[in-house]
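Structural description and commentary
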Amino acid sequence: MWAEKDIEKVLVTEEQIENKAKELGAKITEDYKAIGSTPLLVALLRGSVPFFAELCKNIDLDIQYDFMDVSSYVGRHSTGEIRILKDLDTPVKDQDILLVEDIVDTGKTIQAVIELLYHRGARSVKIVTLLDKPSGRTNHLQADYIGFEVGNEFVIGFGMDFDQKYRCLPFIGVLKPECYTSKE
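Notes on the structure in this doc start here. (Residues numbered from 1 in each chain as written. Predicted model: local features only at pLDDT ≥ 70, side-chain atom pairs only at ≥ 80, totals over all residues. Heavy atoms only, no water.)

Before going further, it helps to spend a moment on the overall build of the protein. Summing up its helical and strand segments, the protein has four helices and nine strands in all. Put simply, the protein runs from its N terminus to its C terminus through helices and strands in the order β-α-β-α-β-β-β-α-β-β-β-β-α. Relative to the globule expectation of 16 Å for 184 residues, the C-alpha radius of gyration of the protein, 16 Å, shows essentially globular dimensions. Taken across its 184 residues, the protein has 49% of its residues classed as buried. Contacts in the protein between residues at least 24 apart in sequence constitute 67% of all its contacts with a sequence separation of at least 6. Charged side chains in the protein number 22 positive and 31 negative. The centres of these two groups are separated by 2 Å. (Helix = DSSP H or I, 4+ residues; strand = E, 2+ residues; numbered from the N terminus. Rg over C-alpha atoms; globule rule 2.2 N^0.38 Å. Buried < 20%, exposed > 50% of the residue type's maximum accessible area, 1.4 Å probe, protein only. Contact = heavy atoms within 4.5 Å. Lys, Arg positive; Asp, Glu negative; His and termini not counted. Charge placed at Lys NZ, Arg CZ, Asp CG, Glu CD.)

Moving on to the sheet that holds strand S9 (residues 172-175). Pairing in this open sheet of three strands is antiparallel, and the strands run S1-S9-S8 from one edge to the other. Pairing within the sheet leaves two strands with one partner each, and these edge strands are strand S1 (7-12) and strand S8 (155-156). (Pairing = 2+ DSSP bridges.)

As for its position among the elements, asparagine 58 is in the loop between helix H2 (49-56) and strand S3 (64-74). There is a polar contact of 2.8 Å between the side chain of asparagine 58 and the backbone oxygen of glutamate 54. Once residues within four sequence positions are removed from consideration, asparagine 58 is found in contact with Ala21, Lys22, Gly25, Ala26 and Thr29. (Polar contact = N/O pair within 3.5 Å; in protein donor to acceptor, adjacent residues only side chain to side chain.)

The next point concerns helix H3 (residues 108-119). In this model H3 runs 17 Å from its N-terminal to its C-terminal C-alpha over twelve residues, within 8% of the 16 Å that 1.5 Å per residue would give. Within the span of H3, buried status applies to Thr109, Ile110, Val113, Ile114 and Leu117. Taken end-on, H3 shows its buried residues confined to a sector of 135°, consistent with a single buried face. (Expected span 1.5 Å × (residues − 1). Arc of directions from axis to C-beta.)

For the structure shown, the criterion picks out six aromatic pairs. Every member of this aromatic cluster is reached through a ring pair, and the members are Phe52, Tyr65 and Phe67. Positioned over the ring face of phenylalanine 148 is lysine 20, at 5.3 Å from the centre of the ring. (Phe/Tyr/Trp six-rings, centres within 6.5 Å; stacked < 30°, edge-to-face > 60°. Lys NZ or Arg CZ within 6 Å of the ring centre and 35° of its normal.)

Let us look at unusual backbone geometry. Residue arginine 46 is reached from leucine 45 by a cis peptide bond, and omega for that bond is -5°. Structurally, the position occupied by arginine 46 is in the loop between strand S2 (40-45) and H2. Even without glycine at this site, phenylalanine 158 takes up a positive phi of about 50°. Position of phenylalanine 158 relative to the elements: it lies in the loop between S8 and S9. One non-glycine residue with positive phi stands out, namely aspartate 163, at about 50°. Here aspartate 163 lies in the loop between S8 and S9. The exposure class assigned to aspartate 163 is partly exposed, which follows from its relative accessible area of 38%.

Once that is clear, we can look at the nonpolar core. Looking at soluble globular proteins, one finds that nonpolar side chains tend to be buried together. Ranked by size, the top nonpolar core spans 27 residues in total, and within it Val128, Leu130, Leu131 and Ile172 carry the most contacts. Of all the secondary structure elements, the ones that give two or more residues to this core are helix H1 (14-35), S2, H2, strand S5 (96-104), strand S6 (124-132) and strand S7 (145-149). Grouped together as the second largest cluster of nonpolar side chains are 19 residues, Leu44, Val70, Ile110 and Leu141 included. (Core = buried A, V, L, I, M, F, W, Y, C linked by side-chain atoms within 4.5 Å.)

Purely geometric stuff here, so don't read any function into it on its own.
So, in C-alpha cells, the structure goes:
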C-alpha cells in the first residue's frame, strides 16, 4: 500500500471500526427510541464522513442528516480560530441534534458548534465520535458516545488526515513523526 511506509502502527482495524459502529448505532437507536425522538445527524466535514457512513447503516431510525464544514486546524495544530466553511441547510430549531465527529481532541471546535446550534434553537445536542483524545482537551467537553479512546499520538486514516493525505485508509493508524516534523 502506498502509505505503509508512513504508518508507525495500526491503532484500530477496519473490522474493529465496523463492529464499534454497530455497537454505537444500536445504543443510539435505543436511546432515541426511549425518548421518542429521531435525531438530526450533523456530520462535521471532512474527517467524519467515513465514520458517519458506517454509523448511519447501523442506526435503526428514520434519521435525517446534514453537513457542516468547520475548521480550526492548519496542519496538525489548532489555530484557536473557528471558521464555518459550509453551514447547515437544515433548520435546527426544536431539533435533537447528534453531532458526528471523527475525533474530539481539544474540544474547542465542537464546543463552538454546540453553542451555535443551541443559539439557533436546537432542543438538544449530543456528540458521537469515533475517537476521543482526552489528553488534548482544553475544556470540560465530553462526548456522549465514544468509539475508541486514543493517547497523544498523531492519528490518520478513516477520514483523518495530515495535509489532506491518508483520509482514505480503511483503518486508523499513527503517522510516523518524520512525516510531519519536517513540515513544521
